[in-house]
Amino acid sequence: MKNLQNRQRGSTPELPPVFDRRLRERITLKIPVRILSCGLLMEKSDEAICTDLSEGGVALETAAELNVGEIVVVEFKLKGEATYRCHARLTYRMARRYGAYFLAT
């Protein structure tokens, strides 16, 4: 009995490796963006910061109250460049951070 207890205490189970669920590589950045969404009676526009970006999605930080599952327009405007708009569905919220994936146009 004593040998079994010693063997159980000394052995730790091996955990499976952690896999990243992301399909595409993300780029960390901080650029201002505008989020266009539909309010109850009219369209609304909110300022946000894009914190990371990939071909398939984006992470945003904003003080705006947005609804997970909602489709929004994310507007990127860089100095001296044309404005780029894309539709995205909000997938999660953690405090001020939102995640979204881009919709095909």
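Residues numbered from 1 in each chain as written. Predicted model: local features only at pLDDT ≥ 70, side-chain atom pairs only at ≥ 80, totals over all residues. Heavy atoms only, no water.

**Observations regarding the nonpolar core**
What tends to happen in soluble globular proteins is that the nonpolar side chains get buried as a cluster.
Point 1. Counting 16 residues, the largest nonpolar core has Val-33, Leu-60, Val-74 and Phe-76 as its most contacted members.
Point 2. Going through the elements one at a time, β1 (27-38), β2 (43-53), β3 (57-61), β4 (71-76), β5 (84-94) and β6 (97-102) are the ones with two or more residues in this core.
Point 3. When neighbours within four sequence positions are excluded, Leu-60 is seen to be in contact with Val-33, Ile-35, Ile-49, Cys-50, Thr-51, Val-74, Arg-96, Arg-97 and Tyr-98. (Core = buried A, V, L, I, M, F, W, Y, C linked by side-chain atoms within 4.5 Å. Buried < 20%, exposed > 50% of the residue type's maximum accessible area, 1.4 Å probe, protein only. Helix = DSSP H or I, 4+ residues; strand = E, 2+ residues; numbered from the N terminus. Contact = heavy atoms within 4.5 Å.)

**Regarding the side chain of Asp-52**
Point 1. Residue placement: Asp-52 occurs in strand β2.
Point 2. Assessed through its relative accessible area of 9%, Asp-52 is described here as buried.
Point 3. Of note is the side chain of Asp-52, whose polar atom sits 2.9 Å from the side chain of Arg-26.
Point 4. In contact with Asp-52, other than residues within four places in its own chain, are Arg-26, Ile-27, Thr-28, Leu-29, Val-58, Ala-59 and Arg-97. (Polar contact = N/O pair within 3.5 Å; in protein donor to acceptor, adjacent residues only side chain to side chain.)

**A word on a nonpolar patch on the surface**
Point 1. On the surface, Leu-40, Leu-41 and Met-42 cluster together to form a nonpolar patch covering roughly 490 Å² of accessible area.
Point 2. Under the relative-accessibility criterion, Met-42 is labelled exposed at 63%. (Patch = residues over 30% accessible without salt bridge, like charges linked within 9 Å, V, L, I, M, F, W, Y side chains within 5 Å. Areas by Shrake-Rupley, 256 points an atom, 1.4 Å probe, with all protein chains shown as cover. Salt bridge = Lys/Arg side-chain N within 4 Å of Asp/Glu carboxyl O.)

**Considerations on the side chain of Thr-51**
Point 1. Along the chain, Thr-51 falls in strand β2.
Point 2. Setting aside residues no more than four positions away along its own chain, Thr-51 makes contact with Ile-27, Thr-28, Leu-29, Lys-30, Ala-59, Leu-60, Glu-61 and Arg-97.

**Observations regarding the pattern of salt bridges**
Point 1. Across all of its chains, the model carries five salt bridges by this definition.
Point 2. A salt bridge links Arg-34 to Glu-75; the shortest N-O distance between them is 2.9 Å. One end of the pair, Arg-34, is in strand β1; the other, Glu-75, is in strand β4, with 41 residues separating them in the sequence.
Point 3. Residue classification places Glu-75 among the buried residues on the basis of a relative accessible area of 10%.
Point 4. Taken together, the shared-partner salt bridges in this structure form one network comprising Arg-26, Asp-52 and Arg-97.

**Some details on unusual backbone geometry**
Point 1. Positive phi, normally seen in glycine, also occurs at Ala-95, with a value near 60 degrees.
Point 2. On the secondary structure map, Ala-95 appears in the loop between β5 and β6.
Point 3. Owing to a relative accessible area of 62%, Ala-95 belongs among the exposed residues under this scheme.

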